[in-house]
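Each chain is listed here by its residues.
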Amino acid sequence: MTSMATGKETAQREQRASLVPLPRPADETIDGDRLSDVDEWGRSEHIRNLARRLYGPLYKHWFRVEWEGLEKIPKTGGALLVANHAGAIPSDAPVIMHGIEEELGRPVYGLADYFFREAPWVGTMWARAGGVPAHPDNARRILRDQGQLVLVFPEGTKGPSKTYTDRYRLRRFGRGGFIEIAMRAGVPVIPIAVVGAEESMPILFRVPRLAKLIGVPYFPVTANMMLFGPLGLGLYFPAKFKLRVLDPVTFNVPPAQERYSKSRVMEEAETIRMHLQETLYEMLRERRSVWFG
Amino acid sequence: MGRRVLITGLDTFWGGRMAQALESDPEVEMILGMGTREPSVALERTEFVRADQTYSILSRIVRATQVDTIVHTFLVVDSSRTSGRALHEINVIGTMNLLAAAGQTGSPVRQVVVKSSTLVYGSASTDPVWFREEMSRTSPARTRVERSLLEVEGLVRDFAEDNPATVVTVLRFANVLGTDIVTPISSNLSRSLCPSVAGYDPLLQFVEEDDVVRCLEHVTRHRVPGLYNVAGAGKLPWSEVSEMCGTRLLPLPPVATLSVAAPLVRLGLIDFPPELGDILRYGRGVDTSRLTKTGFTCRYTSAGTVENFIRALRLRRSVGKPPASYTYEQDIEQFFRHSSAIVHISGDA
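Computed from a prediction, not measured in an experiment: that's the story for all the values here.

Procedures and definitions
Residues numbered from 1 in each chain as written. Chains lettered and ligands numbered in written order. Predicted model: local features only at pLDDT ≥ 70, side-chain atom pairs only at ≥ 80, totals over all residues. Core = buried A, V, L, I, M, F, W, Y, C linked by C-beta atoms within 7 Å. Buried ≥ 20, exposed ≤ 12 C-beta atoms within 10 Å, placed from the backbone. Helix = DSSP H or I, 4+ residues; strand = E, 2+ residues; numbered from the N terminus. Contact = placed C-beta atoms within 7 Å. Pairing = 2+ DSSP bridges. Axes fitted to C-alpha atoms, helices over the stretch in contact; angles between N-to-C directions.

Leu-80, Leu-81 and Val-150 of chain A together with Val-230 of chain B are the most contacted members of the largest nonpolar core, which totals 153 residues. At seven residues, the largest contribution of residues to this core is made by helix H3 (residues 84-102) of chain B. Excluding residues within four positions of it along the chain, Val-150 of chain A makes contact with Leu-80, Leu-81, Tyr-109, Leu-111, Ala-139, Ile-142 and Leu-143 of chain A.

Turning to helix H1 (residues 13-23) of chain B, a few remarks are in order. All names here are of chain B. The element H1 is extensively covered by neighbouring structure, given that eight of its eleven residues are classed as buried. Among the residues making up H1, those that are buried are Phe-13, Trp-14, Gly-15, Gly-16, Arg-17, Met-18, Ala-19 and Leu-22. Of the surrounding secondary structure, the elements contacted by the buried residues of H1 are strand S1 (3-8), strand S2 (28-35), strand S4 (69-72), strand S5 (111-117) and helix H6 (209-221).

All names here are of chain B. Strand order in the open sheet made by the seven strands is S3-S2-S1-S4-S5-S6-S11, with parallel pairing throughout. A strand with exactly one partner marks an edge of an open sheet, and here the two such strands are strand S3 (47-50) and strand S11 (226-230). Here the strands of the sheet are splayed against their neighbours by 20 degrees on average, with no regard to which way each runs. Judged from the four bridges that link them, S4 and S5 form a sheet pairing that is parallel. Each bridged residue has a counterpart across the sheet, and for Ile-70 the counterpart in S5 is Val-112. Here H3 sits on the sheet and contacts S1, S4 and S5; the angle it forms with S4, its principal contact strand, is near 170 degrees.

This brings us to the sheet that holds strand S4 (residues 131-133) of chain A. All names here are of chain A. Taking strand neighbours across the sheet as the criterion, the seven strands line up as S1-S9-S6-S2-S5-S3-S4 in an open arrangement whose pairing is mixed. Edge positions in the sheet fall to strand S1 (66-68) and S4, since each has one partner strand and no second. In this sheet, neighbouring strand axes are inclined to one another by 25 degrees on average, regardless of whether the strands run parallel or antiparallel. In this sheet, strand S9 (residues 242-245) lies alongside S1 in parallel orientation, the contact comprising three bridges.

Within the fold, Arg-53 of chain A resides in helix H2 (residues 45-62). In the structure, Arg-53 of chain A is positioned 45 residues away from His-98 of chain A in sequence and 9.7 Å away in space, judged by C-alpha atoms.

Encoded structure:
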């Protein structure tokens, strides 16, 4: 009886307390209950999880992805992952992000052109899946302040837009911006060589006029389109994917500097490019079949 | 001698709130508010003087009252309630007159605080996710309100350069939500349908109205010089904001957005000033670490601001709007004749 009465009393007191909120201490932060897990970059772990579940079978059974040297990617702290970029609609970005997130259990943010942000629906999905506009300040924050993994393709659109005749020939590495990003953030650059993306959606030729008309960087006509018609836009060939993580490259420069010696930056970029190019050739020398590796 | 503070836009939301906040500060000896209309909030010791919206009378007032601080809250950041011409007059010409008064020879003014907006950064696909104060916008300013605010900040920068002895503070506030303030975003969120741009779900940042006043007070009290972003911590997607507020999204087409919105605005279904078209596409985030270093942080996070807003909205829906309990009656002549705010410099008092 007594315990019931006290229980009732407490309930009443609680009710009263919720009706008349007491003044909160002045230094207390007032946060709200979030309904989603979208972070400041627009990435949602929930959506990534969903994407990984859908992409899993493709990763495992279609591309049959094999990694080499995955242990070179740190389990904590920031690092800038750079890779060669290929395929009309690049298949390498989702493979790398999926692989690392599954194997290491840590998120990967992908830096890409502003163009993605402008495209309705595509841009939103891209951001939720971990895409971030490639602004130097964004990169510095994710890498330096938050110690995350960031993936970038230094070739930019020049990589995936090249035709099949140029396969596995690395394009220019932009202006070496990725080196400056890593230097400023004080993180290592980890190159990843990807074999397989080129053959998953090879470009036969491009239609620059059409690209200009619809406002995209390039308009490819792929072998997939020739074989499967419009379905070819989304259907990859089952090329065997092999990825090799190279040794992390560190730079002995003080971080957070406004500018770095351009010659040093270009030199480092070129060294990484050459190393990546040679690794690709080496991997191709070892490859017996496009489809079976 | 205590501080003598002049507040512009006493009749507007921020001027009234700021005057109320300063009244409780014993260090502030005198508060003088200027406005085009009578103040709509109860004030105990603030003196009110009516002026036209461009403040042409200001240099006389500054000389006569010997104010040492000017808090310039009267800048229009909501273009949906003001015509383009009035907006220019109020923001640009008003600030010009204000700075001219503050910079006149022998001016008693030691601090000028300007309440600007993060609208100066614009909103574009090429923006960084977080803007710092020294970054400039990445897209040209196309809307009237953004252009006028950029012009205002330019005037303030020039003033700061010409008057190195005066403390100049510019605060750029993110989108405000709160218990009382009405903005295009708050009125959209109060309706059952709320506009969005189809295919975009931008991340937005909010600041609570109490934090706005607290921040103005903070920089005034501590005479903090410089340019600062003010916003609640964190960001949240527009879809989530609308879901928290229990409103449904009405997606407008990504092309010809403004032309489709125009008839809906006219019908009173939505509020859609041109600035909103940009921010509902690309959102905006500002870095507030510079302000944090001065010893101020917003109490409400962005999510906390939205939640506080929706709680106040639910209460208002249940009990209705509180009736206006206050009307102001006094005119400018009486002020000059009887007010203790007037300083008789010649010593004949």
